[in-house]
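# Coordinate inspection notes
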Amino acid sequence: HGYARYSEDEEDDDEEEEGGHDLSGLWQSRGNFPVGGGRKGRLLLLAVRKTKGLFFVTRPNSGRSPYEITKHELMSKYTRVDDGERTRAAWTHTYNSTEHQCVHGADCKNSAHCTVGQRKADIALLSGAILPVWDSILKVVREHGRHLPKHEQALRVVRVTTDDGQRMAGIKFPAALLAQLRTELQTAMAVAAAAPTNAIVVQEVTPADSSSIKVASTPKLTMTSFFGARHPSSSLSSSSSSSSLPPSSSSPIVSS
């Protein structure tokens, strides 16, 4: 879910439920979902009130969400749960079982590449001079990344901060394709090194497209060409006929 605006017209007891208690606290989903380790159960979250009708959400595997949740969504999809031993055990189970594994567990059909609900994940970051090897990067993803999820195939710029506080920026690249990328880059470097430095490559002349020729040879449309130019004879005739009439100011005034 994304950020949702809250309407001031909603009910007035936005921070409190019917019993007059603060809505901040532990909640569990109304239905059963994967909770890690191949098990299904109630999803847990910690809701903390931000403003009127909006709450911060923290989950055991994904941590603090960047998006807030509305009171309506919180109360319609989740129910309150007390901070007991059973709740603590369920929270700890999800936290531990998703450290290096997706929330579906070892029996996930795509366990080799699935990272849904995974608490920790290794990512590959390409930094430095990216543009000279950009074609090689795209080629590797296009030829070897078809089995990866869509979000893994997407190449996007990210910024990360390491544990020692170092900040880095680069292209997020599928870690599973690093070996293929190294091979492709080595091949591209070998081809570039073998090519003559002063070689002149003559490319074939591409035939002109007929539609492009038509666009280039068609005169540009103007106001005059759109409405049509006025014929000179009609302009003179109109001018002479109008000049033969006496001005309205010199016309005699006849009164009865």
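Residues numbered from 1 in each chain as written. Predicted model: local features only at pLDDT ≥ 70, side-chain atom pairs only at ≥ 80, totals over all residues. Heavy atoms only, no water.

Looking now at the layout of surface pockets. Reported here for the largest pocket is a volume of approximately 530 Å³. Forming the walls of the largest pocket are 24 residues, and the residues nearest its centre are Val35, Arg42, Leu43, Leu44 and Thr94. Counting residues per element, the ones that place at least two in the lining of the largest pocket are strand 1 (25-36), strand 2 (39-51) and helix 2 (85-97). A per-element tally of the lining of the largest pocket places strand 2 first, with six residues. Here the second largest pocket defines a volume of roughly 360 Å³. Lining the second largest pocket are 22 residues, with His113, Thr115, Ala121, Asp122 and Glu152 positioned closest to its centre. Elements with a minimum of two residues in the lining of the second largest pocket: helix 4 (150-153) and strand 9 (167-173). For the lining of the second largest pocket, a count of residues per class yields 11 nonpolar, eight polar and three charged. (1 Å grid on protein atoms, 1.4 Å probe; cavity = no way out; pocket = protein on both sides within 12 Å on 5 of 7 lines; lining within 4 Å. Points joined across faces, edges and corners; volume = space filled by probe spheres on them. Helix = DSSP H or I, 4+ residues; strand = E, 2+ residues; numbered from the N terminus. Nonpolar A, V, L, I, M, F, W, Y, C, P; charged D, E, K, R; others polar.)

Okay, the packing of aromatic side chains next. The final tally for this structure, using the stated rule, is one aromatic pair. For the ring pair phenylalanine 226 and phenylalanine 227, a centre distance of 4.9 Å and an interplane angle of 85° mean the geometry is edge-to-face. Phenylalanine 227 carries the same exposure label as phenylalanine 226, and that label is exposed. Positioned above the aromatic ring of phenylalanine 56, the side-chain terminus of arginine 64 is 3.8 Å from the ring centre. (Phe/Tyr/Trp six-rings, centres within 6.5 Å; stacked < 30°, edge-to-face > 60°. Buried < 20%, exposed > 50% of the residue type's maximum accessible area, 1.4 Å probe, protein only. Lys NZ or Arg CZ within 6 Å of the ring centre and 35° of its normal.)

Pairing within the open sheet is antiparallel, and its three strands lie in the order 7-9-8. Edge positions in the sheet fall to strand 7 (124-126) and strand 8 (156-161), since each has one partner strand and no second. When strand polarity is set aside, the average angle formed by the axes of neighbouring strands in this sheet is 55°. (Pairing = 2+ DSSP bridges. Axes fitted to C-alpha atoms, helices over the stretch in contact; angles between N-to-C directions.)

As a further point, take the confidence of the model for the protein. With 80% of its residues at a pLDDT of at least 70, the protein reaches an overall mean of 78. Contacts for the low-pLDDT stretch residues 1-20, under 50 throughout, to residues beyond four places or in other chains number 35 contacts. A low-confidence stretch, residues 235-256 (pLDDT under 50), is modelled with zero contacts involving residues beyond four sequence positions or located in other chains. (pLDDT = per-residue confidence, 0-100. Contact = heavy atoms within 4.5 Å.)

The two faces of a sheet get side chains in turn, since along a regular strand they alternate between them. Sheet analysis places strand 8 next to strand 9, joined by six bridges and oriented antiparallel. In the strand pairing of strand 9, arginine 159 is matched with alanine 169. The antiparallel pairing of strand 8 with strand 9 creates a hairpin that spans five residues between the two strands, and glycine 165 there sits at a positive phi of about 90°.

Below, the discussion takes up the pairing of strand 3 (residues 54-59). Pairing of strand 2 with strand 3 involves five bridges; the strand directions are antiparallel. When the bridges of strand 3 are listed, leucine 46 appears paired with threonine 58. Where strand 2 hands over to strand 3, the hairpin turn is made up of two residues, of which glycine 53 adopts a positive phi near 85°. Across two bridges, strand 3 lies against strand 5 (residues 69-70) in antiparallel orientation. Paired with phenylalanine 55 across the strands is isoleucine 69, a residue of strand 5. Alignment of strand 3 against strand 4 (residues 63-64), held across two bridges, turns out to be antiparallel. Across the sheet, arginine 59 pairs through a bridge with glycine 63, a residue of strand 4. Counted between consecutive antiparallel strands, the loop separating strand 3 from strand 4 contains three residues.

Another point: the nonpolar core. Burial of nonpolar side chains together is a common tendency in soluble globular proteins. Among the nonpolar cores identified, the biggest contains 11 residues, and these are Ala124, Leu126, Ile130, Ile137, Val140, Val141, Leu148, Ile171, Phe173, Leu177 and Leu181. At the level of elements, strand 7, helix 3 (134-144) and strand 9 are the ones that each hand at least two residues to this core. Tallying contributions element by element places helix 3 first for this core, with three residues. One finds Trp27, Ala47, Ile69 and Tyr78 within the second-largest nonpolar core, a separate group that totals nine residues. (Core = buried A, V, L, I, M, F, W, Y, C linked by side-chain atoms within 4.5 Å.)

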